[in-house]
Amino acid sequence: MSHPLLSSWAALLPAAFMLSGCNQISELISSRVDWSSRAQLSGAFAQEFEVFYEGNPLPRATVESDCKPYLKYFEQVNFEQTRARLADLRAHHGDDCRKWMYEYIDTDRDGRTDWYWNSDKGQFQAFDNDIDGDDVENLVDADPYDASVRNSDSDRNGIPDHLDWGFAATGTRTSATPEMVALQRELYRKTKIIAVHQTSRHDIPTLRAFLETIQIAYGAVLDSHGASFPNLKYFGAERGEADSGTLAYFQRAKNKIVFMDLARRESSDSIFGSRVPLEVYAVAIHELGHAFQDLLKVENGGRDLADEAFLSRDWVDGRFRSSSKSAWEARIVAEVRERMDASERSVDSRLLDEVYDQQLKKVLLMRTTVATQNGILSTYSLTSPAEYFAESAAAYVMKTVFAKRYQHVSSSVRRAELSDSMERLLEVRDGLRASNLTPEAERFFEEHLHLSRDLSFDRETVRADGFRGSWVRAGRSLR
Ligand SMILES: [Ca+2]
Ligand SMILES: [Ca+2]
Ligand SMILES: [Ca+2]
Ligand SMILES: [Ca+2]
Ligand SMILES: [Zn+2]
């Protein structure tokens with residue numbers, strides 16, 4: 001993660017200060033005030049700070065006397081960089097220097113400031129994962145700004161009271177249905193991941209889908225780490241921008257995957273048991289894929305096995321097969337145009353059929369020969385090697401799952417049709433074409449996740465919720 005403050009930090013200080021460390025101002029500010037004795041900010045400021053969990057305490061309030069001396073100092077020092085820094089602070093927070101302070105406060109004085117300003121989100125986000133330095137991460141800290149308050153877990157199930165949806169029973173703030181409580185506990189028991197309400201609340205279908213996905217796709221990881229995913233600890237829920245298109249994201253520094261509201265939509269398919277759209281599964285596999293790649297690196301002493309197995313062959317200097325993303329996109333679009341023209345000239349729609357779905361009225365870009373012959377899974381996969389890896393993970397899992405789902409069908413033609421129709425659906429919804437996965441990538445994932453070897457679909461069970469069939473991994477039925 002790049003931290004925008006680190007580069008701008010030095011700008012605040014006169015040249016003589018620069019060599020002596022960049023936390024001078026922060027140190028000066030933080031040493032004067034015992035923040036934990038200050039009153040908490042009012043709820044009106046809730047929008048300005050990252051939400052760790054629903055209803056978390058807000059930071060302590062700053063007062064003008066905290067910042068006025070520094071304001072004077074800033075204005076006297078007439079370095080170009082200082083002026084630029086001042087302009088930044090004004091742009092971020094207006095003239096109220098009490099707000100500027102939050103770019104400098106370092107509550108536990110460990111040299112890492114509490115917050116950084118995220119201009120995209122227009123919000124302070126935690127830069128220090130443990131702001132008050134009590135060895136309890138912000139997200140599991142009942143008061144992230146007071147080192148004398150940590151957390152408690154009355155029923156000792158591993159989920160702290162302030163995050164435990166079932167704690168309502170013993171008299172507390174959250175109210176959740178018994179099914180939600182059971183799901184939060186099941187997720188924790190099977191993965192050591194805590195589901196946390198943040199700016200939005202989780203719902204039953206997405207929780208189920210996440211649990212189902214992690215068990216189907218990454219069961220090998222859970223099994224070899226004592227029912228945990230070591231670098232993944234939290235599953236968050238946020239309100240998202242309706243038009244952003246982002247369904248979920250993985251936050252590496254915080255060991256967290258967050259689902260946005262946009263992912264909480266009803267749908268169903270014959271492959272998975274939870275009532276969320278197919279693309280939500282693909283997105284979950286993708287985000288988990290980022291965590292999985294990191295985990296592999298850590299466990300192999302920094303060696304990137306994926307890089308050795310398939311990424312380094314296809315990615316040179318950050319470009320997929322030596323062309324830029326836009327160059328690939330241009331080639332794909334050109335092929336579609338060419339086919340359209342040819343089909344019009346000869347009145348032969350078959351020329352177009354491969355890349356155009358008549359029923360869905362959608363151009364399927366990943367079915368162009370440019371895409372199929374070059375192992376392009378989605379246009380998003382061309383963004384970076386890390387995204388290509390995550391898309392490959394999603395393609396591998398989906399491809400294998402589709403094949404297993406229809407394995408019982410005796411006619412190979414029918415089998416291919418069924419599998420292809422699911423692939424089309426996934427491509428229309430998510431832009432991902434699973435069968436464009438390269439054999440090298442497929443071998444890599446099979447070697448680590450063993451789905452081809454270990455996964456099967458049992459058609460005979462009919463679940464209470466009406467879903468027919470259940471996934472079985474290494475002899476154990478999942479849900
Ligand atoms: Ca700190
Ligand atoms: Ca803490
Ligand atoms: Ca605390
Ligand atoms: Ca608990
Ligand atoms: Zn990604």
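Residues numbered from 1 in each chain as written. Chains lettered and ligands numbered in written order. Predicted model: local features only at pLDDT ≥ 70, side-chain atom pairs only at ≥ 80, totals over all residues.

K.L.:
Help me understand the overall build of the protein chain in this model?
P.N.:
What the protein chain contains, in helices and strands, is 17 helices and 13 strands. Its C-alpha atoms give the protein chain principal-axis dimensions of roughly 80 × 55 × 40 Å. Within the protein chain, the proportion of its 479 residues that are buried is 36%. Considering only residue pairs separated by 6 or more positions, the protein chain has 57% of its internal contacts joining residues 24 or more positions apart. (Helix = DSSP H or I, 4+ residues; strand = E, 2+ residues; numbered from the N terminus. Buried ≥ 20, exposed ≤ 12 C-beta atoms within 10 Å, placed from the backbone. Contact = placed C-beta atoms within 7 Å.)

K.L.:
How do you make sense of the sheet that holds strand S3 (residues 194-197) when you look at a structure like this?
P.N.:
Where strands meet in a sheet, backbone hydrogen bonds hold them as pairs that are either parallel or antiparallel. Read from one edge of the open sheet, four strands run S3-S4-S6-S5, paired in mixed fashion. Two strands bound the open sheet, and with one partner strand each, they are S3 and strand S5 (248-251). Strand-to-strand twist of the sheet, defined as the mean angle between neighbouring strand axes without regard to direction, takes the value 20°. Both S3 and strand S4 (residues 234-238) contribute to a ladder of four bridges, which runs parallel. By the bridge assignment, Val196 is partnered in S4 with Gly236. Sheet strands in contact with helix H9 (residues 278-299) are S5 and strand S6 (256-260), and its direction is about 10° off that of S5. (Pairing = 2+ DSSP bridges. Axes fitted to C-alpha atoms, helices over the stretch in contact; angles between N-to-C directions.)

K.L.:
Which parts of the structure should I look at to understand helix H7 (residues 178-191)?
P.N.:
Since the α-helix advances by 3.6 residues per turn, residues separated by three or four positions end up pointing in the same direction. Over its 14 residues, H7 runs 20 Å from end to end, which matches the ideal 20 Å to within 8%, given 1.5 Å per residue. Of the residues making up H7, those classed as buried are Met180, Leu183, Gln184, Leu187, Tyr188 and Thr191. Projected down its long axis, H7 shows its buried positions confined to an angular sector of 130°, all on one face. In H7, the exposed positions angled more than 90 degrees off the buried face are occupied by Pro178, Glu179 and Arg189. As for H7, its buried residues are in contact with S3, helix H8 (204-223) and S4. (Expected span 1.5 Å × (residues − 1). Arc of directions from axis to C-beta.)

K.L.:
Just checking my understanding: could you explain the pairing of strand S11 (residues 455-462) for this structure?
P.N.:
As paired elements, S11 and strand S12 (residues 468-473) share five bridges and run antiparallel to each other. Looking at the pairing, Ser456 lines up with Val472 of S12. From the end of S11 to the start of S12, which pair antiparallel, there are five residues, and Gly466 there has a positive phi angle of about 95°.

K.L.:
Got a minute to help me understand the sheet that holds S12 in this structure?
P.N.:
Here three strands make up an open sheet; going across it, the order is S11-S12-S13 and the pairing antiparallel. Each edge of the sheet is formed by a strand with only one pairing partner; in this case those strands are S11 and strand S13 (476-477). Pairing geometry for S12 and S13, over two bridges, is antiparallel. Following the sheet pairing, Val472 is matched in S13 by Ser477.

K.L.:
I would appreciate a short explanation of the domain arrangement of the protein chain in the present structure.
P.N.:
The figure often quoted for interface size is the accessible area lost as the parts come together. Annotation of the protein chain at the domain level lists domain 1 (4-126), domain 2 (164-295) and domain 3 (323-452). Centre-to-centre separation of domain 2 and domain 3, based on C-alpha positions: 27 Å. Counting residues at the interface gives 15 residues for domain 2 and 19 residues for domain 3. The set of elements that each furnish at least two residues to the side of domain 2 that touches domain 3 consists of H8 and H9. Tallying contributions element by element places H9 first for the side of domain 2 that touches domain 3, with nine residues. Along the lines of polarity and charge, the residues of the side of domain 2 that touches domain 3 split into 10 nonpolar, four polar and one charged. (Domains from an automatic or database assignment. Nonpolar A, V, L, I, M, F, W, Y, C, P; charged D, E, K, R; others polar.)

K.L.:
Is there a simple way to explain the pairing of S3 in this structure?
P.N.:
Here is the key point about a regular strand: its side chains alternate between the two faces of the sheet. Across the two faces of S3 the burial is the same, with Ile194 and Val196 and Ala195 and His197 all buried. Remark: the S3/H8/S4 crossover connection has left-handed handedness. (Right-handed = clockwise from strand over helix to strand, strands pointing away.)

K.L.:
In this structure, what is going on with H8? I would like to understand it.
P.N.:
When the terminal C-alpha atoms of H8 are compared, their 25 Å separation across 20 residues is substantially less than the 28 Å that a helix rising 1.5 Å per residue should span. For H8, the tally of buried residues reaches 14 of 20 residues, placing the bulk of the element in the interior.

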